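Secondary and tertiary structure notes
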Amino acid sequence: MANRVDRALLRLLPKVDLHVHLDGSVRAQTIADLAKEQGMELPVSPGGDLLPYIQVNEECGSLQEYLSKFDFVLPFLQSREALERVAYEIVQQSAEHNCRYVEVRFAPQLHRRKGLTVEDTIRSVVQGLRRGEEEYGVTARVIAICMRNHSYEDNLEVVEAAGRFIGKGVAAVDLAGDEASYPPQWFREVFACSQAKGIPVTIHAGEAGGADNVYEAITHLGAVRIGHGVRLKEDRAILDMVRERKVPLEMCPVSNIQTKAVSGWDAYPIREYFDSGILITINTDNPSVSGTDITKEYEVVADRFGFSLEEIAQLIMNGVEAAFLGEEEKLALKREFGERLQELGIDPAGKTP
């Protein structure tokens, strides 16, 4: 069922983005600038088109093809200055779409090729986000990622560093990477440490692996949110558990199709999940790699799944509810969003939990 909602109106809506990767958000011009500053070669002549190297097209054939774009970008993100700049630009891009709150996730261990420490990388990203906050009035936080293919020691180092920045720019920790080859139960010890330190946890699960990974992430890794969760529907009991516990899903429609998390739009379960009462949130994942933005993500769910403006408002308020913010900050954000939606004459469908 199509439901044409005006993109200009969608752009005016206040929004949040809870699942956006730093290294998936780098502009082509930024890569060109960083290459020049760092004396690094590019595969195109000066002024040439870098977009094919950082962005997939509609014919993206596999997750491997999708991930190859990160291999191109990462070498340019190995300095404090580069990390701070890209973090700042994510806030700038968010503000362009009236995104009032953003959680930017990145894996500190992937940015240490030139000698930065884990703390250096986190501090640089936090500084970039703060500069963006001051300039654009967008609230921004960091989620530090542990990688599935990294050692226990490397991941523990990330958790410990994140703990030192909790309340100082870091909001949570995450687990990402090759879900199919590295099941979540292998990481119980790492995330036992995050739980002991009181660090909130979100886990990539139910994307390249089945619903049992979602169960493991929640019950043994302490996840209070799930990244993607597309395959949750494969197990009704686990789906019911997620709904009953009000565990939000950080869904990223455009990238979920591109990475082949589902076979196509007809198989994408977002309407089914929403109608069954699961707390769905809408996010960008990797704006540069996917060629998307937060307005486009809402446009897609309206056009392809018939979400009304009121239902979109509910999805937005779900995101506010799921944000890794203190209660006072969250209440202030709810008030701000509620007032803005009221000004636009839109009431969320149903009630936030």
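Structure shown above.
Residues numbered from 1 in each chain as written. Predicted model: local features only at pLDDT ≥ 70, side-chain atom pairs only at ≥ 80, totals over all residues. Heavy atoms only, no water.

Description of helix 15 (residues 309-322)
- End to end, helix 15 covers 20 Å across 14 residues, agreeing with the expected 20 Å (1.5 Å per residue, within 8%).
- Most of helix 15 is tucked away, with 12 of its 14 residues classed as buried.
- Looking at helix 15, one finds that the buried residues are Leu309, Glu311, Ile312, Ala313, Gln314, Leu315, Ile316, Met317, Asn318, Gly319, Val320 and Ala322. (Helix = DSSP H or I, 4+ residues; strand = E, 2+ residues; numbered from the N terminus. Expected span 1.5 Å × (residues − 1). Buried < 20%, exposed > 50% of the residue type's maximum accessible area, 1.4 Å probe, protein only.)

Side note on the sheet that holds strand 1 (residues 15-21)
- The strand order 1-2-3-4-5-6-7-8 describes an open sheet built from eight strands, whose pairing is parallel. Strands at the two margins of the open sheet, each flanked by one partner only, are strand 1 and strand 8 (280-282). The average undirected angle you get between the axes of adjacent strands in this sheet is 25°.
- Relative to strand 3 (residues 139-147), strand 2 (residues 99-106) runs parallel, the two sharing six bridges. By the bridge assignment, valine 102 is partnered in strand 3 with alanine 140.
- Where helix 6 (residues 118-136) meets the sheet, its contacts fall on strand 2, strand 3 and strand 4 (170-176), and the angle it forms with strand 3 comes to roughly 160°.
- Of the strands in this sheet, strand 5 (201-205) and strand 6 (225-228) touch helix 9 (residues 211-219), which is tilted by about 165° from strand 5. (Pairing = 2+ DSSP bridges. Axes fitted to C-alpha atoms, helices over the stretch in contact; angles between N-to-C directions. Contact = heavy atoms within 4.5 Å.)

So, the pattern of salt bridges
- Scanning the entire structure with this criterion turns up 27 salt bridges.
- In this structure, the salt-bridge partner of arginine 27 is glutamate 96, at a minimum N-O distance of 3.4 Å. Linking arginine 27 in the loop between strand 1 and helix 2 (28-38) with glutamate 96 in helix 5 (residues 80-96), this pair joins segments that are 69 residues apart in sequence.
- Overall, the relative accessible area of 41% leaves glutamate 96 in the partly exposed class.
- For glutamate 103, the salt bridge is made with arginine 225, and the minimal N-O distance between the two is 2.7 Å. Residue glutamate 103 is found in strand 2, and its partner arginine 225 is found in strand 6; the two are separated by 122 residues along the sequence. (Salt bridge = Lys/Arg side-chain N within 4 Å of Asp/Glu carboxyl O.)

Thoughts on the packing of aromatic side chains
- Scanning all chains against the criterion turns up nine aromatic pairs.
- Here the aromatic rings of tyrosine 88 and tyrosine 136 are separated by 6.0 Å at their centres, their planes lie at 45°, and the arrangement is tilted. In this pair, tyrosine 88 is assigned in helix 5 and tyrosine 136 in helix 6, connecting sequence segments 48 residues apart.
- A network of ring pairs unites the aromatic residues Tyr53, Phe72 and Phe76 as a single cluster. (Phe/Tyr/Trp six-rings, centres within 6.5 Å; stacked < 30°, edge-to-face > 60°.)

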